Amino acid sequence: MEPLGVYVHYPFCRSRCSYCDFPIAVVPEPDIPHDEYRGAVVAELHARAPALAGRELVSIYIGGGTPSLARPSDVEAVVAAVRAAFSAQRSKLEITLEANPVDCTPDRLEAWRRAGITRLSIGAQSADPEELVTLGRDHRMGEGREALARAAGAGFESVSADLILGVPGPGNAGKRALRSLDALAGSGPDHLSVYELTFEPSTPLDARRRRGEIAALGEDELEEIYRLCHSELGSRGYEHYEISSFARPGHRAVHNSLYWRAAEYLGLGSGASSFVRHPGGSGERWRNHRSVHRYLAAAPDERIAERDSLSPADLRADRLWLGLRTADGVDERAFEGRSKLLAYLLDTGLARRHENYIRPTLRGFLCADYVAQRVIDDRW
Ligand code: SF4
């Protein structure tokens, strides 16, 4: 049976962080339409699930937005509906909830566990007070660390922390990154997702950059921080198993790994994306309306804003470049008909051969976007 992941987007946030261009809605907590949104997601699930019969549900991921603002009873209801729709065979299904540090109170942690959450992903982002202000996060220094420590003792199977590198600020950016790594990794997460800050157009952070109030870090500085992160987390027992992901043994993210293997996923909720394969090797991606209002106003089977058809060649290229973003790499047979590309990656030290697999080097991770473009350009 083909594996399937279900992503549920929870779009509501208390405020918008300065760097964020995600499909979210800033809504005061008392005004969140809990019942309406839960009902819409479950109705969409029931509209889509029959076409995906026969897949093996391996993960549910509730992301956002700020899913820790959802009522635990709604989290439980959505998880139960997804499990029932796919009659999940696995007793060890990975069920992740993204949480804001300020929401990780003992009561909430216990409620999420009772709701069936097995993995918590905490948006700590930094342990540096000035960086948190620059990012516009609504938690303070120390709260990320405390949330991680509380979650580590709350009985989840896995706890992950998000960290953003390359935030502009005073002093040496490498030293600031190291302090955050030390504080967050020292709080006991099983997994870390480490992202480089991007200045998305039309965000307040990018407006500040364009006005000259802050400066983006240079390529060399970013590379140095990335290498620092690789060695620091490696020395603490974390495996660097994907460009941005580090895990203790046995704690790789099941859901995210589906994306990197070009496996199928169903996205529910406003702005959520889905990908399915069709017989014959082609496939399809679609994305729901980003606006919560439009999403809620549409009938369950009319919530799609964009559709893309993917040819078998598109999917082969996707599988290749996505695989080259993971430490496991790809089976050498995936390079059939692309011997020049393979020779180029090996000769330039962007990848190496390990038994029958072609695996990226650290330099390959650093040049991942370039490698992906080479794979896509090589298709024709
Ligand atoms: S909490 Fe996350 S989704 Fe919400 S505004 Fe901040 S970065 Fe965006």
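Values in this document were obtained by computation on a predicted structure and should not be read as measured data.

**Student:** Give a description of the domain arrangement of the chain that names residues and reports values.
**Tutor:** Parsing the chain into structural domains produces domain 1 (3-258) and domain 2 (328-380). Summarising the inter-unit geometry, the C-alpha centres of domain 1 and domain 2 are found 29 Å apart. If you look at the interface, domain 1 gives 4 residues, while domain 2 gives 4 residues. Class assignment for the residues of the side of domain 1 that touches domain 2 results in 2 nonpolar, 1 polar and 1 charged.

**Student:** Can you explain the site of the ligand? Please cite residues and give values.
**Tutor:** As a structural note, the neighbourhood of the ligand is formed by Cys 13, Arg 16, Cys 17, Cys 20, Phe 22, Ile 24, Gly 64, Gly 65 and Thr 66. Partitioned by chemical class, the residues of the shell around the ligand number 5 nonpolar, 3 polar and 1 charged.

**Student:** Now, about helix H6 (residues 173-185): what can you tell me, with residues and values included?
**Tutor:** Compared with an ideal rise of 1.5 Å per residue, which puts 13 residues at 18 Å, H6 spans 18 Å between its outermost C-alpha atoms and is within 8% of the ideal. Residues of H6 that are buried include every one of Ala 173, Arg 176, Ala 177, Ser 180, Leu 181, Ala 183, Leu 184 and Ala 185, and no others.

**Student:** Explain the environment of Val 292 to me, using residue names and the numbers behind them.
**Tutor:** You can see Val 292 is positioned in helix H10 (residues 292-297). For Val 292 and Pro 11, which are 281 residues apart along the polypeptide, the C-alpha to C-alpha distance reads 7.3 Å. Each residue touching Val 292, except ones within four places of it in the same chain, is listed here: Pro 11, Ala 25 and Ser 270.

**Student:** Lay out the nonpolar core with the relevant residues and their values.
**Tutor:** In this structure, Val 6, Val 8, Val 75, Leu 120, Ile 122, Ala 151 and Leu 184 are the most contacted members of the largest nonpolar core, which totals 79 residues. In terms of residue count, H6 provides more of this core than any other element does, 6 residues in total. If sequence neighbours within four positions are ignored, Val 8 has contacts with Val 41, Ile 60, Ile 62, Val 78, Leu 268 and Gly 269. In this structure, Leu 350, Ile 358, Val 371 and Val 375 belong to the second largest nonpolar core, which totals 10 residues.

**Student:** Describe the sheet that holds strand S15 (residues 330-331), naming the residues involved and giving the relevant values.
**Tutor:** Spatially, 3 strands are ordered S15-S17-S16 in an open sheet, and the strand pairing comes out antiparallel. Edge positions in the open sheet fall to S15 and strand S16 (351-354), since each of these has one partner strand only. Taken together, the 2 bridges between S15 and strand S17 (residues 357-360) define a ladder with antiparallel strand orientation. The residue bridging Asp 331 from the neighbouring strand is Tyr 357, located in S17. Here helix H12 (residues 339-347) sits on the sheet and contacts S16 and S17; the angle it forms with S16, its principal contact strand, is near 100°.

Basis of the calculations
- Residues numbered from 1 in each chain as written.
- Predicted model: local features only at pLDDT ≥ 70, side-chain atom pairs only at ≥ 80, totals over all residues.
- Domains from an automatic or database assignment.
- Contact = placed C-beta atoms within 7 Å.
- Nonpolar A, V, L, I, M, F, W, Y, C, P; charged D, E, K, R; others polar.
- Near = placed C-beta within 6 Å.
- Helix = DSSP H or I, 4+ residues; strand = E, 2+ residues; numbered from the N terminus.
- Expected span 1.5 Å × (residues − 1).
- Buried ≥ 20, exposed ≤ 12 C-beta atoms within 10 Å, placed from the backbone.
- Core = buried A, V, L, I, M, F, W, Y, C linked by C-beta atoms within 7 Å.
- Pairing = 2+ DSSP bridges.
- Axes fitted to C-alpha atoms, helices over the stretch in contact; angles between N-to-C directions.

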